[in-house]
Structure formats: C-alpha cells, structure tokens
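Each chain, letter by letter, is given below.
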Amino acid sequence: MNFLEERIVKDGIVKEGNILKVDSFLNHQMDIDLFNQMGEEFKRRFADKPINKILTIEASGIGIACIVASHFHVPVVFAKKSQSINIDGDVYVAEVESFTHKCKNQVIVSKKFLSEEDHVLIIDDFLANGCALQGLLSIVAQAGGTVEGIGIAIEKGFQQGGRIIRNFGYQLESLAIVDGMDAANGSIQFREQ
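Residues numbered from 1 in each chain as written. Predicted model: local features only at pLDDT ≥ 70, side-chain atom pairs only at ≥ 80, totals over all residues. Heavy atoms only, no water.

### Here's the deal with the overall build of the protein
Move 1: Looking only at helices and strands, the protein features five helices and ten strands.
Move 2: Projected onto its principal axes, the C-alpha coordinates of the protein cover approximately 50 × 35 × 30 Å.
Move 3: Across the protein, the fraction of contacts at a sequence separation of at least 24, relative to all contacts at a separation of at least 6, is 61%.
Move 4: Here the protein displays about 9400 Å² of accessible surface, and carbon together with sulfur accounts for 47% of that area.
Move 5: Charge-centre separation for the protein: the mean point of 19 positive side chains lies 3 Å from the mean point of 26 negative side chains. (Helix = DSSP H or I, 4+ residues; strand = E, 2+ residues; numbered from the N terminus. Contact = heavy atoms within 4.5 Å. Areas by Shrake-Rupley, 256 points an atom, 1.4 Å probe, with all protein chains shown as cover. Lys, Arg positive; Asp, Glu negative; His and termini not counted. Charge placed at Lys NZ, Arg CZ, Asp CG, Glu CD.)

Right, here's the structure in full:
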C-alpha cells in the first residue's frame, strides 16, 4: 500500500452513492506535506517528459497542481468555471459535467496562457467518469499544445473515466486507484499497481 492509499484508509470516509470523502486532507483542508509527496511521485513518473506547464481545473485541483508545479519549476494554469471581467481577450472553452456536483459547467482558459508551444501535464484530485479530463484535453487540443501526461490523485477504477482516457492513448498515472468501496463497513479496495 502506498502513502496515499494509507492516508485514504486512515482518514477517508466512504459514503453511500460511491462517494469517498477525503476533505480532511485533500480537497477542503489540504495536507501540504502529503501534496509534496504527490509532487515528488508525479515528477518521478513524468521525469522524461518536456513539461513546461501544469493544467488543472478549479477548484480542488489547484492546490495539488501548485505543489506538483514546484517540482517541475513551471507555471500552473487552471480552467475557470465562469467568465469574469478580469479575463480579457480570447478564451478556449469546453463543457464539463461534474460527477460530484451533478451539473455542467463551461470551463475557460485564456488563450494567452496556453499555446502550441506548451507541453502540458494535466493534474487533478479525482477521476470518476473522465468528463473534467476530457474538457481539459479539449482545451489543450484547441490551443495546439501537447499533453505529455495526466496525473490523478485518486481514480475511481470502478467508473469508466480511467479506461476512456487510457484508450485515447495518454499516459495516465493515478496515485491511488479505488476498485471498490462499501459504505456499510467503510472498506476500500485498491487496485494493485
């Protein structure tokens, strides 16, 4: 069992509806030492890639992406879920459906922060159905950039997202893959990696 799986077993809470609450250390309160370990691991897994930019989606991917970026010494760009008056000029747009929030959002990235010169590592906290990742992949494609890889903290292996993204041919690295959960007894089964 790796460091993230151990933390999930220790502090994660399984709820009905295939919900895994990790808000005490990952996506509400954030354990920066844990994020640093994740950053080191993503740097190791993507060490041979010419990454010059990290891309994520707001909000809970931003903290992890920032720590990962510190290991690559590159900037982070995050897709925003709403247009604001301080985003001027042209933007890339993709529609994303949230598994957690059960809604669709238009996500945007300013064209001045992503271009055909960029070699992108996409980082996010969760992968369930893969909708957020497909939106981010669309944005990189619109920019003409290259996706060098995708790093996920926790993948729900019993949902289709990981299979879909891997079938597209991308190097997808998930630090913990949950293959099953039981809310009745709080048990979590991890995929051997």
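More follows now that the structure is in view.
### Here we look at unusual backbone geometry
Glycine aside, a negative phi is what most residues show, and trans is what most peptide bonds show.
Move 1: Cis peptide bonds are those with omega within 30 degrees of zero, and the linkage from E58 to A59 qualifies with 10°.
Move 2: Following the sequence through the fold, A59 ends up in the loop between strand 3 (53-57) and helix 3 (61-72).
Move 3: The backbone of N18 sits at a positive phi, close to 60°, despite the residue not being glycine.
Move 4: You can see N18 is positioned in the loop between strand 1 (13-15) and strand 2 (19-21).
Move 5: The phi angle at H73 is positive, at roughly 60°, despite the residue not being glycine.
Move 6: Mapped onto the secondary structure, H73 falls in the loop between helix 3 and strand 4 (76-79).

### A word on the pattern of salt bridges
Close approach of charged atoms allows side chains of opposite charge to pair.
Move 1: Within the structure shown, the criterion is met by eleven salt bridges.
Move 2: When the shortest N-O distance is used, the salt bridge between R44 and E41 registers 2.5 Å. One end of the pair, R44, and the other, E41, are both in helix 2 (residues 32-45), three residues apart, so they sit about a helical turn from each other.
Move 3: Judged by relative accessible area, which is 56%, R44 ranks as exposed.
Move 4: Here E41 falls in the buried class, since its relative accessible area comes to 15%.
Move 5: As a salt-bridge pair, D179 and R191 come within 2.8 Å of each other at their nearest N and O atoms. Pair noted here: D179 is in strand 9 (residues 172-182) and R191 is in the segment after strand 10 (187-190), with a separation of twelve residues, a long-range link. (Salt bridge = Lys/Arg side-chain N within 4 Å of Asp/Glu carboxyl O. Buried < 20%, exposed > 50% of the residue type's maximum accessible area, 1.4 Å probe, protein only.)

### Here's the deal with the side chain of R7
Move 1: Residue placement: R7 occurs in helix 1 (residues 3-11).
Move 2: Given the relative accessible area of 19%, R7 is considered buried.
Move 3: Beyond its immediate chain neighbours, meaning those up to four positions away, R7 contacts G12, F25, D31 and L34.

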